[in-house]
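# Structural description and commentary
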Amino acid sequence: MTPSARLYVPDALASGATLTLAEGQAHYLRNVLRLGAGAGLALFNGRDGEWRGRIDGIAKARCTVLLEAQTRKQGAEPDLWLVFAPVKRARIDYLVEKATELGVAALCPVRTERTIVERVNLERLRANAVEAAEQTERLTVPVVHPPESLSALVSRWPPERRLVVCDERGRAPPIAEVVAGLRDRLAVGAALLIGPEGGFTETELDGLANLPFVNPVSLGPRVLRADTAALAALAVFQALAGDWRDIRAGARPMV
(Lines give C-alpha, C1' and ligand atoms only; values in the text may rest on other atoms or scores of the structure.)
Protein backbone atom coordinates (compact mmCIF):
# COMPACT_ATOMS: atom_id res chain seq x y z
CA MET A 1 0.00 0.00 0.00
CA THR A 2 1.51 3.30 -1.11
CA PRO A 3 0.98 5.94 1.61
CA SER A 4 -1.21 8.88 0.65
CA ALA A 5 0.47 11.17 3.22
CA ARG A 6 3.36 11.20 5.67
CA LEU A 7 2.88 12.73 9.11
CA TYR A 8 4.88 13.47 12.24
CA VAL A 9 3.16 12.47 15.47
CA PRO A 10 4.36 12.72 19.09
CA ASP A 11 2.81 9.38 20.12
CA ALA A 12 4.66 6.11 20.61
CA LEU A 13 4.41 3.88 17.55
CA ALA A 14 3.80 0.14 17.80
CA SER A 15 2.06 -2.56 15.81
CA GLY A 16 -1.69 -2.63 16.36
CA ALA A 17 -1.84 0.73 18.16
CA THR A 18 -4.60 3.20 17.31
CA LEU A 19 -3.66 6.90 17.29
CA THR A 20 -5.85 9.96 17.33
CA LEU A 21 -4.33 12.66 15.14
CA ALA A 22 -4.25 16.35 15.94
CA GLU A 23 -7.25 18.36 14.73
CA GLY A 24 -5.16 20.18 12.12
CA GLN A 25 -3.88 16.90 10.71
CA ALA A 26 -7.42 15.53 10.54
CA HIS A 27 -8.53 18.63 8.65
CA TYR A 28 -5.59 18.28 6.24
CA LEU A 29 -6.31 14.63 5.47
CA ARG A 30 -10.08 15.04 5.10
CA ASN A 31 -10.48 18.46 3.48
CA VAL A 32 -7.21 19.02 1.62
CA LEU A 33 -6.20 15.52 0.53
CA ARG A 34 -9.80 14.24 0.49
CA LEU A 35 -8.83 10.96 2.13
CA GLY A 36 -11.28 8.56 3.69
CA ALA A 37 -11.27 5.42 5.80
CA GLY A 38 -8.79 2.82 4.59
CA ALA A 39 -6.32 5.31 3.07
CA GLY A 40 -2.69 4.49 3.76
CA LEU A 41 -0.39 6.77 5.78
CA ALA A 42 3.26 6.83 6.83
CA LEU A 43 3.91 8.01 10.39
CA PHE A 44 7.07 8.84 12.34
CA ASN A 45 7.87 10.35 15.74
CA GLY A 46 11.65 10.75 15.79
CA ARG A 47 12.12 7.71 18.04
CA ASP A 48 10.45 4.59 16.70
CA GLY A 49 11.26 4.67 12.99
CA GLU A 50 8.61 4.95 10.30
CA TRP A 51 5.34 3.01 10.38
CA ARG A 52 2.65 2.11 7.90
CA GLY A 53 -0.89 2.79 9.02
CA ARG A 54 -4.35 3.26 7.61
CA ILE A 55 -7.17 5.63 8.46
CA ASP A 56 -9.54 3.79 10.73
CA GLY A 57 -12.08 6.59 11.06
CA ILE A 58 -12.27 10.18 9.95
CA ALA A 59 -14.71 13.01 10.68
CA LYS A 60 -14.75 16.81 10.55
CA ALA A 61 -12.08 17.35 13.22
CA ARG A 62 -11.09 13.84 14.23
CA CYS A 63 -9.08 11.08 12.62
CA THR A 64 -7.91 7.78 14.03
CA VAL A 65 -5.15 5.70 12.49
CA LEU A 66 -4.44 2.01 12.97
CA LEU A 67 -0.73 1.15 12.86
CA GLU A 68 0.14 -1.98 10.91
CA ALA A 69 3.90 -2.46 10.53
CA GLN A 70 7.24 -0.70 10.79
CA THR A 71 8.67 0.17 7.37
CA ARG A 72 11.95 1.83 8.44
CA LYS A 73 13.98 1.49 11.60
CA GLN A 74 15.27 4.52 13.47
CA GLY A 75 18.86 5.17 12.46
CA ALA A 76 21.68 7.47 13.47
CA GLU A 77 21.79 10.96 11.94
CA PRO A 78 24.54 13.59 12.00
CA ASP A 79 24.43 15.62 15.23
CA LEU A 80 24.79 18.92 13.41
CA TRP A 81 23.47 22.18 14.86
CA LEU A 82 22.86 25.40 12.96
CA VAL A 83 23.42 28.53 15.04
CA PHE A 84 22.19 31.61 13.22
CA ALA A 85 21.19 35.23 13.72
CA PRO A 86 17.47 35.60 12.89
CA VAL A 87 16.62 37.25 9.57
CA LYS A 88 13.34 38.65 8.24
CA ARG A 89 10.23 36.47 8.23
CA ALA A 90 10.15 35.05 4.72
CA ARG A 91 13.87 34.34 4.76
CA ILE A 92 13.91 32.71 8.20
CA ASP A 93 11.01 30.47 7.17
CA TYR A 94 12.97 29.47 4.08
CA LEU A 95 16.13 28.93 6.12
CA VAL A 96 14.43 26.63 8.63
CA GLU A 97 12.74 24.63 5.87
CA LYS A 98 15.94 24.09 3.89
CA ALA A 99 18.12 23.47 6.94
CA THR A 100 15.68 20.73 7.95
CA GLU A 101 15.95 19.22 4.47
CA LEU A 102 19.74 19.32 4.81
CA GLY A 103 19.63 17.31 8.02
CA VAL A 104 20.30 19.65 10.95
CA ALA A 105 19.57 18.22 14.39
CA ALA A 106 19.00 21.57 16.10
CA LEU A 107 18.27 25.16 15.11
CA CYS A 108 19.65 27.75 17.53
CA PRO A 109 18.77 31.43 16.93
CA VAL A 110 21.22 33.86 18.53
CA ARG A 111 21.26 37.63 19.02
CA THR A 112 24.45 39.32 17.90
CA GLU A 113 25.43 42.98 18.00
CA ARG A 114 24.07 43.60 14.51
CA THR A 115 21.02 41.36 14.64
CA ILE A 116 18.06 43.34 13.27
CA VAL A 117 15.21 40.91 13.94
CA GLU A 118 14.34 40.88 17.63
CA ARG A 119 11.30 38.60 17.76
CA VAL A 120 11.16 35.00 16.54
CA ASN A 121 7.91 33.07 16.17
CA LEU A 122 9.07 29.71 17.50
CA GLU A 123 5.71 28.01 16.92
CA ARG A 124 5.80 28.91 13.22
CA LEU A 125 9.43 27.82 12.85
CA ARG A 126 8.69 24.49 14.51
CA ALA A 127 5.72 23.96 12.20
CA ASN A 128 7.97 24.70 9.20
CA ALA A 129 10.50 22.16 10.46
CA VAL A 130 7.82 19.49 10.92
CA GLU A 131 6.43 20.05 7.43
CA ALA A 132 9.90 19.88 5.86
CA ALA A 133 10.71 16.66 7.73
CA GLU A 134 7.43 15.10 6.58
CA GLN A 135 8.11 15.97 2.95
CA THR A 136 11.74 14.88 2.82
CA GLU A 137 11.40 11.47 4.54
CA ARG A 138 13.45 12.39 7.59
CA LEU A 139 12.83 10.23 10.63
CA THR A 140 13.42 13.14 13.01
CA VAL A 141 12.43 16.79 13.36
CA PRO A 142 15.13 19.27 14.41
CA VAL A 143 14.82 20.90 17.81
CA VAL A 144 14.12 24.64 17.54
CA HIS A 145 15.61 26.45 20.54
CA PRO A 146 14.47 29.82 21.90
CA PRO A 147 16.72 32.77 20.93
CA GLU A 148 19.55 33.80 23.25
CA SER A 149 22.52 36.11 23.09
CA LEU A 150 25.71 34.95 21.43
CA SER A 151 27.64 35.58 24.65
CA ALA A 152 25.22 33.40 26.66
CA LEU A 153 25.44 30.62 24.09
CA VAL A 154 29.24 30.39 24.04
CA SER A 155 29.47 30.72 27.83
CA ARG A 156 27.81 27.32 28.24
CA TRP A 157 29.03 25.70 25.03
CA PRO A 158 29.99 22.00 25.39
CA PRO A 159 33.76 22.09 24.75
CA GLU A 160 33.82 18.75 22.94
CA ARG A 161 31.48 20.08 20.19
CA ARG A 162 33.31 21.94 17.43
CA LEU A 163 31.81 25.30 16.48
CA VAL A 164 32.60 26.19 12.87
CA VAL A 165 32.25 29.97 12.54
CA CYS A 166 31.68 31.44 9.09
CA ASP A 167 33.95 34.50 9.05
CA GLU A 168 32.92 36.90 6.30
CA ARG A 169 36.22 38.83 6.49
CA GLY A 170 37.82 36.18 4.27
CA ARG A 171 40.86 35.72 6.49
CA ALA A 172 40.06 32.18 7.63
CA PRO A 173 40.87 28.92 5.81
CA PRO A 174 38.32 27.62 3.27
CA ILE A 175 35.42 25.73 4.84
CA ALA A 176 36.06 22.58 2.80
CA GLU A 177 39.64 22.39 4.05
CA VAL A 178 38.64 22.83 7.70
CA VAL A 179 35.69 20.42 7.66
CA ALA A 180 37.71 17.72 5.91
CA GLY A 181 40.41 18.12 8.57
CA LEU A 182 37.87 17.81 11.38
CA ARG A 183 36.06 14.78 9.98
CA ASP A 184 37.50 12.25 12.41
CA ARG A 185 36.77 14.49 15.41
CA LEU A 186 33.07 15.08 14.74
CA ALA A 187 31.62 11.94 16.33
CA VAL A 188 30.49 14.02 19.32
CA GLY A 189 28.75 16.55 17.08
CA ALA A 190 29.45 19.89 15.51
CA ALA A 191 27.75 23.22 14.83
CA LEU A 192 27.87 25.92 12.20
CA LEU A 193 27.54 29.57 13.20
CA ILE A 194 26.25 32.13 10.69
CA GLY A 195 26.19 35.86 11.41
CA PRO A 196 23.44 38.42 10.81
CA GLU A 197 22.69 40.65 7.87
CA GLY A 198 25.59 43.09 8.08
CA GLY A 199 27.91 40.46 9.53
CA PHE A 200 29.61 39.97 12.86
CA THR A 201 31.54 42.83 14.46
CA GLU A 202 35.32 42.62 14.60
CA THR A 203 35.07 42.22 18.38
CA GLU A 204 32.71 39.26 18.04
CA LEU A 205 34.88 37.50 15.47
CA ASP A 206 38.09 38.08 17.42
CA GLY A 207 36.44 36.82 20.60
CA LEU A 208 35.12 33.72 18.89
CA ALA A 209 38.48 32.95 17.28
CA ASN A 210 40.07 32.82 20.75
CA LEU A 211 37.75 30.10 22.02
CA PRO A 212 39.33 26.62 22.07
CA PHE A 213 36.31 24.89 20.48
CA VAL A 214 36.00 27.33 17.53
CA ASN A 215 37.23 26.87 13.97
CA PRO A 216 36.81 30.01 11.81
CA VAL A 217 36.21 29.33 8.11
CA SER A 218 35.76 31.29 4.89
CA LEU A 219 32.91 30.76 2.42
CA GLY A 220 34.80 32.14 -0.55
CA PRO A 221 35.34 35.48 -2.28
CA ARG A 222 31.71 36.64 -2.60
CA VAL A 223 29.53 38.27 0.02
CA LEU A 224 26.58 35.97 0.69
CA ARG A 225 23.21 36.65 2.23
CA ALA A 226 22.94 35.20 5.73
CA ASP A 227 20.49 32.48 4.67
CA THR A 228 22.54 31.62 1.57
CA ALA A 229 25.67 31.34 3.70
CA ALA A 230 23.93 28.98 6.12
CA LEU A 231 22.72 26.62 3.42
CA ALA A 232 26.03 26.68 1.56
CA ALA A 233 27.91 25.82 4.75
CA LEU A 234 25.49 23.01 5.59
CA ALA A 235 25.87 21.52 2.12
CA VAL A 236 29.67 21.54 2.36
CA PHE A 237 29.57 19.96 5.81
CA GLN A 238 27.15 17.21 4.80
CA ALA A 239 29.13 16.44 1.64
CA LEU A 240 32.49 16.15 3.41
CA ALA A 241 31.69 14.98 6.93
CA GLY A 242 27.96 14.23 7.11
CA ASP A 243 25.47 11.78 5.71
CA TRP A 244 25.74 12.86 2.07
CA ARG A 245 28.48 10.26 1.91
CA ASP A 246 25.89 7.53 2.60
CA ILE A 247 24.21 5.62 -0.20
CA ARG A 248 20.44 5.82 -0.11
CA ALA A 249 18.58 2.61 -0.85
CA GLY A 250 15.27 2.72 -2.66
CA ALA A 251 15.51 6.41 -3.50
CA ARG A 252 12.29 8.09 -4.55
CA PRO A 253 11.87 11.10 -6.84
CA MET A 254 12.74 14.51 -5.41
CA VAL A 255 9.81 16.49 -4.04
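You'll find the structure just up there.
In what follows, the accompanying structure is described. Quick caveat: nothing in here was measured; it's all calculated off a predicted structure. (Residues numbered from 1 in each chain as written. Predicted model: local features only at pLDDT ≥ 70, side-chain atom pairs only at ≥ 80, totals over all residues. Heavy atoms only, no water.)

## Thoughts on the pattern of salt bridges
Following the criterion strictly, the structure yields 17 salt bridges and no others. Residue Glu-97 is joined to Lys-98 by a salt bridge in which the shortest nitrogen-to-oxygen separation is 2.8 Å. Its relative accessible area of 31% is what places Glu-97 among the partly exposed residues. Each of Asp-167, Arg-169, Arg-171, Glu-202 and Asp-206 takes part in a single network of salt bridges with overlapping partners. (Salt bridge = Lys/Arg side-chain N within 4 Å of Asp/Glu carboxyl O. Buried < 20%, exposed > 50% of the residue type's maximum accessible area, 1.4 Å probe, protein only.)

## As for helix 6 (residues 202–209)
Note that an α-helix has 3.6 residues per turn; residues three or four places apart therefore point the same way. Every buried residue belonging to helix 6 is among Glu-204, Leu-205 and Leu-208, and all of these are buried. Along the long axis of helix 6, the arc covered by the buried residues comes to 95°, so they all point the same way. (Helix = DSSP H or I, 4+ residues; strand = E, 2+ residues; numbered from the N terminus. Arc of directions from axis to C-beta.)

## Remarks on the nonpolar core
Residues Leu-82, Leu-107, Leu-192, Ile-194, Leu-234 and Phe-237 are the most contacted members of the largest nonpolar core, which totals 35 residues. In terms of residue count, helix 7 (residues 226–240) provides more of this core than any other element does, seven residues in total. Sequence-distant contacts of Leu-192, that is, excluding residues within four places in its chain, are made with Leu-80, Trp-81, Leu-82, Val-83, Leu-163, Val-164, Ala-233, Leu-234 and Phe-237. (Core = buried A, V, L, I, M, F, W, Y, C linked by side-chain atoms within 4.5 Å. Contact = heavy atoms within 4.5 Å.)

## Observations regarding the layout of surface pockets
Here the second largest pocket is characterised by a volume of approximately 400 Å³. As for the second largest pocket, its lining consists of 25 residues, and the residues nearest its centre are Glu-168, Val-223, Leu-224, Arg-225 and Ala-229. Class assignment for the residues of the lining of the second largest pocket results in eleven nonpolar, six polar and eight charged. (1 Å grid on protein atoms, 1.4 Å probe; cavity = no way out; pocket = protein on both sides within 12 Å on 5 of 7 lines; lining within 4 Å. Points joined across faces, edges and corners; volume = space filled by probe spheres on them. Nonpolar A, V, L, I, M, F, W, Y, C, P; charged D, E, K, R; others polar.)

## Notes on the side chain of Arg-6
Structurally, Arg-6 is set in strand 1 (residues 5–8). Of the polar contacts made by the side chain of Arg-6, one reaches the backbone oxygen of Glu-134; its length is 3.3 Å. Engagement of the side chain of Arg-6 in a polar contact is seen with the backbone oxygen of Glu-137, the distance being 3.5 Å. Not counting residues within four places of it along the chain, the set of residues in contact with Arg-6 comprises Ala-42, Phe-44, Glu-50, Arg-72, Ala-133, Glu-134, Glu-137, Arg-138 and Leu-139. (Polar contact = N/O pair within 3.5 Å; in protein donor to acceptor, adjacent residues only side chain to side chain.)

None of the figures reported here should be taken as evidence of function without further support.
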